[in-house]
Amino acid sequence: TVVYVVSFLGCTYIGGYIVAKQRLPNFITTLSALVAGLVVVYASGSLFLASFFSIGQAFAIGTLPFLGMDLLKAAAATCLFLSMRRLIIAPRNNKI
């Protein structure tokens with residue numbers, strides 16, 4: 001579990017980097033950034049688990065049980081991010 005927690009640093013860096021590079025983030029680019037971050041977390045955790053199990057077993061116990069819900073949470077977070085972004089940035093742009 002420590003590897004998963006440490007991999008969140010890479011997750012936030014990758015996700016933040018991808019979103020920051022977009023002038024106007026949309027659903028696809030934002031969701032892609034979150035999924036790229038999840039890949040970092042799952043790859044790190046699965047590789048660590050592979051030191052105890054085969055890579056297939058590590059993927060089956062360290063990734064598959066969580067993948068569906070994490071993708072759903074990523075989609076929800078994307079919607080929330082884009083909605084909040086419009087609420088925060090749009091009023092500022094109207095004042096200019």
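It should be noted that the structure appears before, not after, this text.
Before going into details, it helps to say that this report is about the structure given with it. (Residues numbered from 1 in each chain as written. Predicted model: local features only at pLDDT ≥ 70, side-chain atom pairs only at ≥ 80, totals over all residues. Heavy atoms only, no water.)

Moving on to the overall build of the protein chain. Along the protein chain, the regular secondary structure elements total four helices and zero strands. Put simply, the protein chain runs from its N terminus to its C terminus through helices and strands in the order α-α-α-α. Expected size for 96 residues packed as a compact globule is a radius of gyration near 12 Å; at 16 Å, the protein chain overshoots this value by more than 25%. Summarising its shape, the C-alpha atoms of the protein chain cover approximately 60 × 20 × 20 Å along the three principal directions. For the protein chain, the proportion of its 96 residues judged to be buried stands at 23%. For the protein chain, the proportion of contacts with a sequence separation of at least 24, taken over those separated by at least 6, is 67%. Carbon together with sulfur atoms contributes 74% to the accessible area of the protein chain, which is approximately 6700 Å² in total. (Helix = DSSP H or I, 4+ residues; strand = E, 2+ residues; numbered from the N terminus. Rg over C-alpha atoms; globule rule 2.2 N^0.38 Å. Buried < 20%, exposed > 50% of the residue type's maximum accessible area, 1.4 Å probe, protein only. Contact = heavy atoms within 4.5 Å. Areas by Shrake-Rupley, 256 points an atom, 1.4 Å probe, with all protein chains shown as cover.)

Before going further, it helps to spend a moment on the packing of aromatic side chains. Overall, the coordinates contain two aromatic pairs when judged by the stated rule. Measuring from ring centre to ring centre gives 6.2 Å for Tyr-13 and Tyr-17, while their planes differ by 20°; the resulting arrangement is stacked. Highlighted residues: Tyr-13 and Tyr-17, both in helix α1 (residues 2-21), separated by four residues, approximately one helical turn. Classification of Tyr-13 as exposed rests on a relative accessible area of 57%. Look at Phe-48 and Phe-52: their rings are 5.4 Å apart centre to centre, the planes differ by 75°, and that puts the pair in the edge-to-face class. (Phe/Tyr/Trp six-rings, centres within 6.5 Å; stacked < 30°, edge-to-face > 60°.)

The next point concerns the layout of surface pockets. Size it by volume and the largest pocket reaches roughly 160 Å³. Together, Thr-1, Tyr-4, Phe-8, Leu-38, Val-41, Tyr-42, Phe-48, Leu-49, Gly-62, Phe-66 and Asp-70 line the largest pocket. Among the secondary structure elements, those contributing two or more residues to the lining of the largest pocket are α1, α2 (27-49) and α4 (64-95). No other element matches α2, which puts five residues into the lining of the largest pocket. For the lining of the largest pocket, the residue count by class is eight nonpolar, two polar and one charged. (1 Å grid on protein atoms, 1.4 Å probe; cavity = no way out; pocket = protein on both sides within 12 Å on 5 of 7 lines; lining within 4 Å. Points joined across faces, edges and corners; volume = space filled by probe spheres on them. Nonpolar A, V, L, I, M, F, W, Y, C, P; charged D, E, K, R; others polar.)

Once that is clear, we can look at the state of the cysteines. In the structure shown here, the tally under the stated rule is zero disulfides. No disulfide involves Cys-11; its sulfur sits 18 Å from that of Cys-79, the nearest cysteine. By relative accessible area, which is 41% here, Cys-79 ends up partly exposed. (Disulfide = S-S within 2.5 Å.)

The topology assignment puts Gly-16 in helix α1. In this structure, the C-alpha to C-alpha distance between Gly-16 and Ala-43, residues 27 residues apart in sequence, is 18 Å.

Mapped onto the elements, Thr-78 comes out in helix α4. Given the relative accessible area of 0%, Thr-78 is considered buried.

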